[in-house]
Amino acid sequence: LIGFTHEKLPEERTDQINGLELFERTKVNTSQLAGVIKTHTYPQIQGLSVKWLPSAADPSVGIVSVYVPPQAHQAKLFLITRVAEEEEAQRGIVVGIARRLQSDNIPLTSREIYEAIQNGRDSVLSRAMRIEEKLDTLLGRATIPAPLMQDQKAILDSRLSELRLL
Amino acid sequence: MPSPALILTMTPRPANRVRNLFELNGGVHDVVANPGAFRGYGWDLQIIGDRPKIRHGEYLEIGGNRKLLRLYEDGMLITRGLIDDNFLGWAPLDADFEENPRVHPLAVIEFTTAFVYLYARVVQFFEQGLGDIDFHVEIVNGRVRKRLLYVTPRWDSGDGHTLEQVNPRYDGTFPAAQLTDEPDRVAYELVQRIFLFFSVPGTQIPYTTGADGHRKVDLAAIKRVS
């Protein structure tokens with residue numbers, strides 16, 4: 001929500017609205033705001049909605065709401081692909097992950113990002129890699145010449161038949 | 001009539017392949033050429049004066065009628081040792097082997113154990129991972145003239161245990177990991193089956209140790225034999 005004065009409640013990881021700070025519609029371009037969000041995040045947020053909500057008492061002023069509905073679990077985590085510091089966009093390879101804690105957005109530290117990747121590897125990628133390895137093994141076995149795939153017992157008897165007569 | 005012989009085989013399951021079997025320098029070739037020995041002048045697989053040869057484009061072979069080793073490309077290892085007075089039978093110190101075909105217990109146990117230890121080295125050259133190993137033990141032509149082979153588990157014991165069939169065979173399986181983790185235990189599995197051909201219980205098999213269900217070949221005791 002944009003258009004309120006608020007104060008942080010650090011113990012509760014949320015902000016508390018303590019007044020209105022309505023502004024004119026011309027101050028904010030909702031389409032541009034939605035575009036900025038889309039170009040600064042990856043993957044695309046499904047159902048993103050940025051709306052101008054005029055005041056009932058004075059429709060020339062109002063607030064803006066940015067609505068992010070719950071996202072599919074398999075789409076998470078969402079990456080912040082561009083970062084601005086002192087209102088200046090940072091160049092280079094800059095990617096961040098923010099997590100939602102109540103009303104707060106807490107960027108993950110590099111260690112937390114690393115651990116999240118490792119956890120993902122353990123639960124998904126590692127399994128996929130093990131499956132790939134097993135497939136490789138099966139495919140490798142399939143390349144063993146046909147005679148080697150025959151019944152080993154029959155092969156053994158065949159090979160011993162000569163030795164039994166020596 | 002062919003002489004009696006002991007045949008032992010190991011086969012990987014599922015099928016496998018020996019890496020560079022027919023490269024006659026280094027690798028598994030050297031392992032077959034030098035199976036090693038537990039002691040000097042023992043009943044091992046060492047074949048002096050011979051080198052492995054490629055046979056029929058199918059396997060490596062070393063040795064001959066008395067002692068033979070074959071390693072196939074699919075990982076099957078076969079050995080054959082004659083049971084006569086020159087190898088796995090008692091030498092004719094006080095009796096002619098032809099009249100008294102007595103199997104030498106230590107010879108059979110040491111020969112079998114050497115086979116297991118050799119295979120543990122061979123599997124290092126397999127292309128695929130290992131699952132189980134099928135083993136096969138067999139005595140062929142177990143009769144000399146009119147008498148079946150017999151064994152006296154203790155050399156000073158007069159009680160001989162006679163073979164019950166002329167051509168007894170047994171097939172078994174063990175986990176491949178046991179080959180490297182507990183080779184003496186695997187060796188016992190094979191040795192036990194051979195002695196069971198003669199109806200000798202495990203507790204009476206010499207050069208073995210451990211409680212029932214956990215017996216293994218006592219390699220240290222074999223190495224102490226002079």
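In the block above lies the structure referred to throughout.
Residues numbered from 1 in each chain as written. Chains lettered and ligands numbered in written order. Predicted model: local features only at pLDDT ≥ 70, side-chain atom pairs only at ≥ 80, totals over all residues. Heavy atoms only, no water.

Structural notes on the sheet that holds strand β3 (residues 23-24) of chain A
Residues and elements named next belong to chain A. Sheet architecture is open: 3 strands sit in the order β3-β6-β5, paired in antiparallel fashion. Two strands in the sheet have a free side with no partner beyond their single neighbour: β3 and β5 (49-54). Of the pairings in the sheet, the one linking β5 to strand β6 (residues 61-67) comprises 6 bridges and is antiparallel in character. Looking across to β6, one finds that W52 is bridged to V64. (Pairing = 2+ DSSP bridges. Helix = DSSP H or I, 4+ residues; strand = E, 2+ residues; numbered from the N terminus.)

Observations regarding the side chain of S55 of chain A
Residues and elements named next belong to chain A. Relative to the helices and strands, S55 is located in the loop between β5 and β6. Here S55 falls in the buried class, since its relative accessible area comes to 17%. Of note is the side chain of S55, whose polar atom sits 3.2 Å from the backbone nitrogen of A57. Engagement of the side chain of S55 in a polar contact is seen with the backbone nitrogen of D58, the distance being 3.4 Å. When near neighbours in sequence (up to four residues on either side) are disregarded, S55 contacts L22, V61 and G62. (Buried < 20%, exposed > 50% of the residue type's maximum accessible area, 1.4 Å probe, protein only. Polar contact = N/O pair within 3.5 Å; in protein donor to acceptor, adjacent residues only side chain to side chain. Contact = heavy atoms within 4.5 Å.)

A look at the environment of L6 of chain B
Residue and element names in this part refer to chain B. As for its position among the elements, L6 is in strand β1 (residues 5-13). The class for L6 is buried, based on a relative accessible area of 1%. Filtering out sequence-adjacent residues up to four positions away, L6 remains in contact with T79, R80, G81, I83, L88, V108, F111, T112, E138, I139 and I194.

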